[in-house]
Amino acid sequence: MDNKMGTPEGFDLSPEILDEIQSNIEEIIKSFPISETNKMDVIKKINFMYTQTKYMSVTDALTGLYNRRHFENTLEREFLRAKRYSNDLSLAVLDVDFFKKINDTYGHLCGDYVLKEIAYMALQTFRKTDIVFRYGGEEIVILLTETPLEKAIIPLERLRKAIEDYPFNYDGNGFKVTVSIGVEGLSSENAEAEDLLQSADKALYAAKECGRNRVLTSSDL
């Protein structure tokens, strides 16, 4: 699942700033002493470029998943919404097992291939209301909205098994890949959004310590 657009080096504008820039540009163009037809043509072209720019500002160029900054903004919003309306919310952190070994054995381009394949499988596994992010390196974070912990385990285990069974093949080299996953559900113990992430991360660490290739929850610790 290649992202054909890519992301410019150092590109770092928030969606809010982009919205303000786009709105101001439209107002400036409307004040130009040119025909209305020309104005609309310019505005359409700018809106198209704006949509691309906004997409790049929240998207990881390699995997096409949402990026870490968008995750941080989304986590806070979904956490507060779940708290306010007493909704369920689960958060999972996925890490590719022995990812460094894959890079060292087959090269970093193979590592990129693995991440793109896993990202695609993740997008195919979860509902459209769930949100998948590349947190950094070989870590992927999934926000499962309106989903209690016990139900979040079902698609996570399905994804883990799908990755384990998938015939990865790069440049004629076939190999197996597994992932470890830690997951936490919203509870009274999670006073802040960061608490939810930290609990899931601890469960991930425990999954690694227990032999990898498994899904563990905070209650398993």
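For the structure, check the block above.
Along each chain, residues carry numbers from 1 onward, in the same order as the chain's sequence is written. Selection of residues for local features in this predicted model requires a pLDDT of at least 70, selection of side-chain atom pairs for listing and counting requires 80 or more, and totals for whole chains, interfaces and linings are taken over all residues. No hydrogens and no water enter the side-chain calculation; it runs on all heavy atoms of the structure.

Q: Got a minute to help me understand the pattern of salt bridges in this structure?
A: It is possible for side chains bearing opposite charge to pair when their charged atoms get close. Definition used for salt bridges: Asp or Glu carboxyl oxygen within 4 Å of a side-chain nitrogen of Lys or Arg. One pass over the structure, following the stated rule, counts eleven salt bridges. The salt bridge partner of E164 is R160, with a shortest N-O separation of 3.2 Å. On the criterion of helical spacing, the pair formed by E164 and R160 is a turn pair, its members being four residues apart in helix α6 (residues 149-165). Three labels apply to residues, based on accessible area from a 1.4 Å probe with only protein chains included: buried if under 20% of the type maximum, exposed if over 50%, partly exposed otherwise in between. Given a relative accessible area of 8%, R160 falls into the buried group. The closest approach of N and O atoms between K161 and D165, which form a salt bridge, is 2.6 Å. Of this pair, K161 and D165 both sit in helix α6, four residues apart, which is roughly one turn of the helix. Residue classification places D165 among the partly exposed positions, given a relative accessible area of 42%. The structure contains a network of salt bridges with shared partners spanning R77, E78 and R81. Secondary structure follows DSSP: runs of H or I at least 4 residues long count as helices, runs of E at least 2 residues long count as strands, and numbering of each begins at the N terminus.

Q: Sorry if this is basic, but what is going on with the sheet that holds strand β3 (residues 139-145) here?
A: Backbone-to-backbone hydrogen bonds pair the strands of a sheet. The strands run either parallel or antiparallel. Within the open sheet, the five strands sit side by side as β2-β3-β1-β6-β7. Their pairing is mixed. Because the sheet does not close on itself, it has two edges, and the strands there are β2 (131-136) and β7 (215-217). Averaged over all pairs of adjacent strands, the angle between their axes in this sheet comes to 20 degrees, without regard to strand direction. A pair of strands is considered paired only if DSSP assigns at least 2 bridges between the two. Sheet topology places strand β1 (residues 89-96) next to β3; seven bridges connect them, and they run antiparallel. Bridging across to β3, A92 finds its partner in I142. Against the sheet, α6 touches β1, β3, β6 (179-185) and β7, its axis set at about 170 degrees to β6. A fitted line through C-alpha atoms serves as each axis, taken over the contacting stretch for helices, and the angle formed by two N-to-C directions is quoted from 0 to 180°. Here a residue-residue contact requires only that any non-hydrogen atoms of the pair lie within 4.5 Å.

Q: Explain the environment of R134 to me, please; I cannot follow it from the model alone.
A: By the secondary structure assignment, R134 is in strand β2. Distance in space between the C-alpha atoms of R134 and T59 is 8.7 Å, their sequence separation being 75 residues. In this view, R134 contacts D60, L62, T63, L65, Y66, N67, R68, L115 and E139; residues no more than four positions away in its chain are not counted. Within the structure, the side chain of R134 is placed 3.0 Å from the backbone oxygen of G137, a separation counted as a polar contact. Counting of polar contacts relies on pairs of N or O atoms within 3.5 Å, with two restrictions inside protein: one atom must be capable of donating a hydrogen and the other of accepting it, and residues adjacent in sequence are counted only when both atoms are side-chain atoms.

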